[in-house]
Amino acid sequence: MITRSLSALARALAAREISSVELTRLYLERIARLNPKFNAYISVDEEKSLAQARAADDMLAAGQAGPLTGIPLAQKDIFCARGWLTTCGSKMLSNFVSPYDATVIERFNAAGTVILGKTNMDEFAMGSSNETSHFGAVRNPWNTECVPGGSSGGSAAAVAALLAPAATGTDTGGSIRQPAAMCGLTGLKPTYGVVSRYGMIAFASSLDQGGPMARSAEDCALLLNTMAGFDERDSTSLDRPKEDYTRDVEKPLAGLKIGLPKEFFGEGCDPDVMKRIEEAIAEYRKLGAETIEVSLPNMKLAVPAYYVIAPAEASSNLSRFDGVRYGYRAPEYADLNDMYSKTRAQGFGEEVKRRILIGTYVLSHGYYDAYYLQAQRIRRLIANDFVEAFKQCDVIMGPTSPTTAFRIGEKASDPVQMYLSDIYTIAVNLAGLPGMAVPAGFVGGLPVGLQLIGNYFSEARLLNVAHRYQQVTDWHLQHPAGLD
Ligand code: GLN
């Protein structure tokens with residue numbers, strides 16, 4: 001049961017082979033037993049999960065089931081869920097029980113899915129390894145000495161360790177794709193504006209986007225069907241006709257034009273990782289695709305531009321955590337100003353403080369033009385590079401991450417090395433494009449992820465391109481050893 005696809009689980013539920021309560025108990029039992037080893041979940045609430053499962057069983061009995069009704073899912077702890085502790089990986093919100101549901105949660109609840117628990121993450125989604133979490137590092141199920149990637153590392157580890165059939169993540173600069181790659185999962189970061197950000201705790205609002213993390217592209221398509229859609233409560237949500245993201249999955253790939261940016265295939269990537277990527281691309285040629293070289297000349301500016309824009313937005317977004325209305329408050333202080341500063345000094349971790357300092361600096365009078373405005377110009381150039389590339393190809397491919405999962409502690413004291421984990425993913429967020437990570441083999445027992453990048457709103461096409469590859473490969477079906 002625990003290795004089945006979402007559609008197979010839905011069939012089992014429909015055929016009464018198992019009830020949602022039984023399926024939920026199965027996962028809760030595994031979480032109780034195995035989570036201490038991986039630290040993938042921050043909170044679990046069996047009673048709440050089982051109440052949802054009972055309601056799902058009623059829907060199933062009444063013939064009102066949708067494609068995901070009764071399926072338990074792990075939710076990243078960045079999504080507010082009513083009555084659930086919602087920490088965003090931070091001490092600042094370590095006592096925050098959300099009084100409302102994020103739109104993503106509301107949609108999953110309406111679809112009859114069950115929240116299995118809230119997953120661990122880098123504090124406020126700032127990180128590439130999950131080591132910045134106030135709740136401790138997450139361990140990669142493929143090798144517990146290694147990180148699972150970040151910031152959606154808890155979601156990735158939960159699915160890889162078979163502690164959830166699928167999960168949600170968010171991606172500001174790579175946080176769905178990079179942990180998916182490092183844990184052997186399929187992850188999709190949609191076009192900016194496709195999934196509502198309402199109730200998704202803000203990091204860098206012009207870049208943040210929620211999306212699915214699962215074993216297969218088909219599973220991702222089913223999850224995206226529930227997650228996507230216009231929301232008037234998010235001013236950047238796009239009012240577009242509803243799509244069925246599964247509709248094109250079986251389309252043949254003959255004639256598909258794959259663009260290979262020369263900037264992705266030069267220096268910077270581990271040669272063994274690159275071998276797996278080239279093998280995957282060779283597989284696509286066998287499926288009838290053609291490859292052409294394209295160029296993203298401003299690619300090298302993506303990481304520097306991102307580390308001006310994202311901290312700038314974060315410094316503004318995080319100003320709301322002041323100890324007054326909700327969340328952590330310093331226990332002792334002299335006056336109001338002292339309360340603010342002690343609360344923020346104690347409530348935020350080191351990486352978050354670093355970003356607030358950088359962000360405040362680049363937005364300050366005198367530096368705004370030199371840094372923030374310049375970074376915004378670079379952002380436009382990067383987006384234009386993709387516009388040019390997509391005149392010549394349907395999809396861009398390359399690595400998701402330059403390395404496989406690294407060791408816990410290996411990059412923790414070197415922020416720049418950590419930031420470079422996202423060299424292949426960040427430009428996609430700056431341009432607002434959809435991107436995917438797809439399992440493409442192993443190096444030294446650790447998974448490698450192929451990255452697919454599509455034009456705006458090409459999610460259905462990307463899912464199709466990933467699915468056809470998954471029909472002829474079984475990388476996405478492999479599981480770490482020792483999970484019984
Ligand atoms: N690793 C990047 C950062 O630290 C991206 C994180 C994300 O996508 N949330 O900002």
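Thresholds, definitions, all that
Residues numbered from 1 in each chain as written. Predicted model: local features only at pLDDT ≥ 70, side-chain atom pairs only at ≥ 80, totals over all residues. Heavy atoms only, no water. Helix = DSSP H or I, 4+ residues; strand = E, 2+ residues; numbered from the N terminus. Rg over C-alpha atoms; globule rule 2.2 N^0.38 Å. Buried < 20%, exposed > 50% of the residue type's maximum accessible area, 1.4 Å probe, protein only. Lys, Arg positive; Asp, Glu negative; His and termini not counted. Charge placed at Lys NZ, Arg CZ, Asp CG, Glu CD. Core = buried A, V, L, I, M, F, W, Y, C linked by side-chain atoms within 4.5 Å. Contact = heavy atoms within 4.5 Å. Near = heavy atom within 4 Å. Polar contact = N/O pair within 3.5 Å; in protein donor to acceptor, adjacent residues only side chain to side chain. Areas by Shrake-Rupley, 256 points an atom, 1.4 Å probe, with all protein chains shown as cover. Nonpolar A, V, L, I, M, F, W, Y, C, P; charged D, E, K, R; others polar. Axes fitted to C-alpha atoms, helices over the stretch in contact; angles between N-to-C directions. Parallel < 35°, antiparallel > 145°, perpendicular 65-115°, else oblique. Left-handed = near helix turned anticlockwise from the far one by under 90°. Salt bridge = Lys/Arg side-chain N within 4 Å of Asp/Glu carboxyl O. Disulfide = S-S within 2.5 Å. Pairing = 2+ DSSP bridges.

Glancing now at the overall build of the protein chain. For the protein chain, the helix and strand inventory stands at 15 helices and 11 strands. At 21 Å, the protein chain has a C-alpha radius of gyration in line with the 23 Å of a compact globule built from 484 residues. A burial count over the protein chain gives 61% of its 484 residues as buried. Charge separation in the protein chain, taken as the distance between the mean sites of 47 positive and 53 negative side-chain charges, equals 1 Å.

Right, let's talk about the nonpolar core for a bit. With 158 residues, the main nonpolar core has F124, Y284, F386, M397 and L452 as its most contacted residues. Ranked by residues supplied to this core, first place goes to helix α9 (residues 302-317) with 10 residues. When sequence neighbours within four positions are dropped, the list of residues in contact with L452 reads Y284, V395, I396, M397, P434, G435, M436, V438, L462, V465 and A466.

Neighbouring the ligand are 15 residues, the closest being G173, S175, Y306, R355 and D422. Within the backbone of A125, one N or O atom sits 2.8 Å away from a nitrogen atom of the ligand. Residue S151 places a side-chain N or O atom 3.5 Å away from a nitrogen atom belonging to the ligand. Protein chains shield 100% of the accessible area of the ligand, which is 290 Å² for the free molecule. Looking at the shell around the ligand residue by residue, the class counts come to five nonpolar, seven polar and three charged.

Backbone torsion omega between G150 and S151 reads 5°, so that peptide bond is classified as cis. Assignment of secondary structure puts S151 in the loop between β3 (114-119) and α5 (153-160). Even without a glycine there, the phi angle at A125 is positive, about 70°. Looking at the secondary structure, you find A125 in the loop between β3 and α5. The exposure class of A125 is buried, given its relative accessible area of 4%.

So, about the packing of helix α2 (residues 20-38) against helix α3 (residues 46-61). Pairs of packed helices are described in terms of their axes, by the angle between the two and the distance that separates them. Contact geometry of α2 with α3 gives a least axis separation of 8 Å together with a crossing angle of 155°. When the axis of α2 is compared with that of α3, the two are roughly antiparallel. Seen along the crossing, α2 lies across α3 with a hand that is right-handed. Judged by residue contacts, S20, V21, T24, R25 and L28 of α2 engage E46, S49, L50, A53, R54, A56 and D57 from α3. Per-class residue counts for the contact of α2 with α3 are five nonpolar, three polar and four charged.

In this section: the pattern of salt bridges. Within the structure shown, the criterion is met by 23 salt bridges. The partner of R247 in a salt bridge is D248, with the nearest N and O atoms 3.6 Å apart. Here R247 falls in the partly exposed class, since its relative accessible area comes to 46%. When its relative accessible area of 18% is taken as the criterion, D248 is described as buried. What emerges from the salt-bridge pattern is a single network uniting R240, E243, R247 and D248.

Following the sequence through the fold, E290 ends up in strand β8 (residues 290-294). Residue classification places E290 among the partly exposed residues on the basis of a relative accessible area of 40%. Put simply, E290 and G259 are 31 residues apart on the chain and 8.6 Å apart in space, counted from C-alpha to C-alpha.

Before going further, it helps to examine the state of the cysteines. Counted by the stated rule, this structure contains zero disulfides. Considering cysteine sulfurs only, C88 is the nearest to C80, which forms no disulfide, with 8.3 Å between them. Unpaired in this structure, C146 has its nearest cysteine sulfur neighbour in C183, at a distance of 10 Å. Of the residues examined, C146 reaches a relative accessible area of 3% and is grouped as buried.

Turning our eyes to something else, we now look at the pairing of β8. Where strand β7 (residues 257-261) lies against β8, five bridges are found, and the strand directions are parallel. Counted as the bridge partner of G259 is I292 from β8.

The next subject is the side chain of S128. Topologically, S128 is positioned in the loop between β3 and α5. S128 sits in the buried class, given a relative accessible area of 2%. In this structure the side chain of S128 is engaged in a polar contact, spanning 2.9 Å, whose partner is the side chain of D422. What S128 contacts, discounting residues up to four positions off in sequence, is D122, G149, G150, Q178, F406, M418, S421 and D422.

To continue, consider the environment of G187. Mapped onto the elements of the fold, G187 is located in strand β5 (residues 186-189). Using a relative accessible area of 0% as the deciding quantity, one classes G187 as buried. Considering only alpha carbons, one finds G187 and G398, 211 residues apart in sequence, at a separation of 15 Å. Those residues in contact with G187 that lie beyond four places of it in its chain are I176, R177, A180, P212, M213, C220, G435, M436 and A437.

Moving on: the environment of F124. You can see F124 is positioned in the loop between β3 and α5. F124 sits in the buried class, given a relative accessible area of 1%. Along the chain, F124 and A314 lie 190 residues apart, while their C-alpha atoms are 9.1 Å from each other. In this structure, F124 is in contact with C88, S90, M92, L93, I201, F203, L318, F321, F348 and V352, ignoring residues within four places of it in sequence.

Interpretation in functional terms is not warranted from these geometric data alone.
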